[in-house]
Amino acid sequence: QTFTTANELLDLLIMRFNMPQPKSPSKEQARLFKTEKLIPIHFRVMNVLKNWVEKYYIDFKQDTVLVQRVLDFIDKASVANQVVEKPGSQVKTLIAKKAEVASEETFPFVVLGSLFKKPEDVPPEARYKLTDLDSTVLAEQMTLHSWNIIKNMKARECLGKGWTGPSWRSKAPHIRYSRNQFSNVTRWIQSLLVRSPSVADRLKVTEFFLNVADKLVRLKNYQDSVAIIRAFLQWTDQLEPTFRWLNPKMKTLWTKLSAIGQDPEAAISPMRRVEKPALYLPLYETLFEKMEEIEGTMADVTEKGLINFEKRRAIYDQYVMVKLEHLNSMTFEVEMNGVYSQFMAHSELLSDDELSSSLASLPNDPPEGMEGQGQTGGPGGQGGGGQGEEDLEGRVKTMVLEMLQTDADLQNSLLSLLVSSRTDLLLQAQTDLERFVLLCSSEMQLMHCRSALSSPDALSASLPIVRHAFPSAHHLSLWSPRPLTPSSSSSSSSSSSSSPSPCKCPVCRREFR
C-alpha cells in the first residue's frame, strides 16, 4: 500500500501467469516446461489470489473494477489451462462469500458527539441530563464502543498516516475514530464543566466523572479513563475553586487518578491483568503517537533507492501491540444500550474558542451554605468564633443524617459501632484518632472541642465523619460516645451538673481520653 496499488499487483500476477514460453521446443522440452514450470507457476498465482481475497478483501470491497478484473482473469485462465479451473472456481466462490458478509457488516459503535448538529435537532430519546445517567452503565458503554472500534481496525490503517489526510474514511477510519473518541471525551467533559452555572453544579459534574473514571480503571479501560483525567489536568488552575469543595473520599480518588493521567505508562504497567483472556484496553493514543513518530522520522526508501522494510516492520510492531491486546480481551460481553449510545452520539462539544471564552468567565462563588469555609483549601476551614462553631455543628449533624440516608455502607458502619464490644484494639483506635486530629486540627477543633465534645449528641454525630476518613480502620467501632466527667474526683455533683465537662483532646493540649 505504500509502494504499489492493488491494480498494479494484479497486473504483475497476470504477467507472471502469462509467462513467455520457449520458442520451437522439442516434445520433451515442451513436456518438461509444462510440468516443471508452467503448471506450478499457474497454481502459485491462483494461491496468491486466494490468499489476497481471503486476508485482504478490503481491497476488493472498495474497488468493484478490481473485482471484475479478477473474475475475468480467472475465466480466461481456466480456458487456457484446465488444471487451474478448480482453484479458480474456489477464488470466485470466496469472493462471493466475502461480498455477502461485507454487505451485512455493521458498525457497532458510536463516536462521542458525532451526530450533534444543533440542540433543536437532538432526538427526544437522546435528551437526557447527566444526573439521569448511571456512572457504571456509562463506563461499560464507553468501554464497549472503544473496544468495538479497535476490533474493526485493519493492519493497513497504520500505513502512511492515513488517518490524518482527507481520505481517512477509506484509508484509516478506525484509527481516526479511536483518536476522535479520545479527544472528544476530554472535550465533552470540559464542555459540561463550562456550561455549569455555579460551583455546586460543576462539583456534581466533577464527582460524576471521577466516579466514571474510577470504574473505567477497574474495567482496565485506560484509553477512556486517561481521556477523562486529562480533561481535569488540563484545567488544574481554573478548576481549583471547584476541587476545593470535594469531599475527602473524592480527593483521595482524585489523587489516585491524577497519578495515572500524569504518567500513564508508569501507573498502568503494575495494574495490567495476569489472567487471560480478560478485558484490557491500553492507552492506544500512545501507540498511535508512536506510529506518527515513525512516519515522520523514517524514510520510505533507503539511500540506495530500495524499499525501506525496516520502517514497515516498526509500524507493524505497533499494530501487533494494538491487536494482541484486543485479542486477549475477547471475554468482554456487554449489550449495547441504545439510550446511552444516543446520548453520547448527540452530545454537544464546544469548540476551542467557545471553551476558552467560557472558561475565562467561570463563576467561582462558594456553594450555598458553605460561604465561610474553604479558606484553607477545602471545606471545614478555620471559622470565626463560637457562632461559627455552632453553625458547623449543625451542618455536621445535617450532613451525617444525609449520608446515613443514602449510604448503606455507612449505615452498616454505624451499626457496628453499637454492637462491637472488643477492647484489644482500643489503643490503636486512639492512635489513629490522634493522627487524624494532628492532620486536621482546625476541623477537629470545631467538631470535638468545647461545646461539641461536651455534648453526647454532637460526639455521636461526628463519629461517622471520623469513620468516613478511615474506611479501613475497623477498630474505630470500639470508640463509643459518652459524656466526659471532670478530671478531679473531688468536684461536687452540683458543679459537674452545672458546668460542661472539660475537653481532653490533644487540640486543647490536655490529656487524651
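Structure: see above.
All values derive from a computational prediction rather than experimental measurement. (Residues numbered from 1 in each chain as written. Predicted model: local features only at pLDDT ≥ 70, side-chain atom pairs only at ≥ 80, totals over all residues. Heavy atoms only, no water.)

Topic: a nonpolar patch on the surface
- Side chains of Phe 3, Ile 307 and Phe 309 sit close together on the surface and give an oily, nonpolar patch of about 290 Å² of accessible area.
- Note that Phe 3 resides in the segment before α1 (6–17).
- We classify Phe 3 as partly exposed; its relative accessible area is 45%. (Patch = residues over 30% accessible without salt bridge, like charges linked within 9 Å, V, L, I, M, F, W, Y side chains within 5 Å. Areas by Shrake-Rupley, 256 points an atom, 1.4 Å probe, with all protein chains shown as cover. Salt bridge = Lys/Arg side-chain N within 4 Å of Asp/Glu carboxyl O. Helix = DSSP H or I, 4+ residues; strand = E, 2+ residues; numbered from the N terminus. Buried < 20%, exposed > 50% of the residue type's maximum accessible area, 1.4 Å probe, protein only.)

Focus on the layout of surface pockets
- Taken as a whole, the second largest pocket spans an internal volume of roughly 1500 Å³.
- Taken together, 41 residues make up the lining of the second largest pocket; nearest its centre are Lys 55, Tyr 56, Ile 58, Lys 154 and Arg 156.
- Elements with a contribution of two residues or more to the lining of the second largest pocket: α1, α2 (27–55), α3 (58–61), α5 (85–103), α7 (168–171), α8 (173–194) and α15 (309–327).
- When residues of the lining of the second largest pocket are assigned to their parent elements, the largest contribution, six residues, is made by α15.
- For the lining of the second largest pocket, the per-class residue count stands at 18 nonpolar, nine polar and 14 charged. (1 Å grid on protein atoms, 1.4 Å probe; cavity = no way out; pocket = protein on both sides within 12 Å on 5 of 7 lines; lining within 4 Å. Points joined across faces, edges and corners; volume = space filled by probe spheres on them. Nonpolar A, V, L, I, M, F, W, Y, C, P; charged D, E, K, R; others polar.)

Details of unusual backbone geometry
- A positive phi angle is found at Ser 24, which is not glycine, with a value near 50 degrees.
- Positionally, Ser 24 belongs in the loop between α1 and α2.
- Look at Ser 24 and you get exposed, because its relative accessible area is 74%.

Examining the packing of aromatic side chains
- Enumeration according to the criterion identifies 13 aromatic pairs in this entry.
- Ring plane angle 75 degrees and centroid distance 6.0 Å describe the contact between Phe 3 and Phe 309, whose orientation is recorded as edge-to-face. Pair noted here: Phe 3 is in the segment before α1 and Phe 309 is in helix α15, with a separation of 306 residues, a long-range link.
- With 5.2 Å between their ring centres and 85 degrees between their planes, Phe 17 and Phe 73 make a pair best called edge-to-face. Of this pair, Phe 17 sits in helix α1 while Phe 73 sits in helix α4 (residues 64–80), and the two are 56 residues apart along the sequence. Each member of the pair, Phe 17 together with Phe 73, is buried.
- Within the aromatic cluster, the residues linked to one another by ring pairs are Trp 188, Phe 208, Phe 209 and Phe 343. (Phe/Tyr/Trp six-rings, centres within 6.5 Å; stacked < 30°, edge-to-face > 60°.)

Digging into the side chain of Arg 202
- Residue placement: Arg 202 occurs in helix α9 (residues 199–218).
- Here Arg 202 is buried and forms no salt bridge, its nearest opposite-charge partner Asp 201 lying at an N-O distance of 8.0 Å.
- In this structure Arg 202 touches Leu 193, Ser 196, Leu 239, Thr 242, Leu 362, Pro 363 and Asn 364, once residues within four positions along its chain are discounted. (Lys, Arg positive; Asp, Glu negative; His and termini not counted. Contact = heavy atoms within 4.5 Å.)

Section: the packing of α9 against helix α12 (residues 248–262)
- Viewed as axis vectors pointing N to C, α9 and α12 meet at an angle of 55 degrees, and their least axial separation amounts to 10 Å. Taken as axis vectors, α9 and α12 run oblique relative to one another. Note on packing geometry: the crossing formed by α9 with α12 is left-handed. For the pair α9 and α12, contact is made by Glu 207, Leu 210, Asn 211, Ala 213, Asp 214 and Val 217 and by Met 250, Leu 253, Trp 254, Lys 256, Leu 257 and Ile 260, respectively. (Axes fitted to C-alpha atoms, helices over the stretch in contact; angles between N-to-C directions. Parallel < 35°, antiparallel > 145°, perpendicular 65-115°, else oblique. Left-handed = near helix turned anticlockwise from the far one by under 90°.)

The values reported here are purely geometric and, on their own, carry no functional implication.
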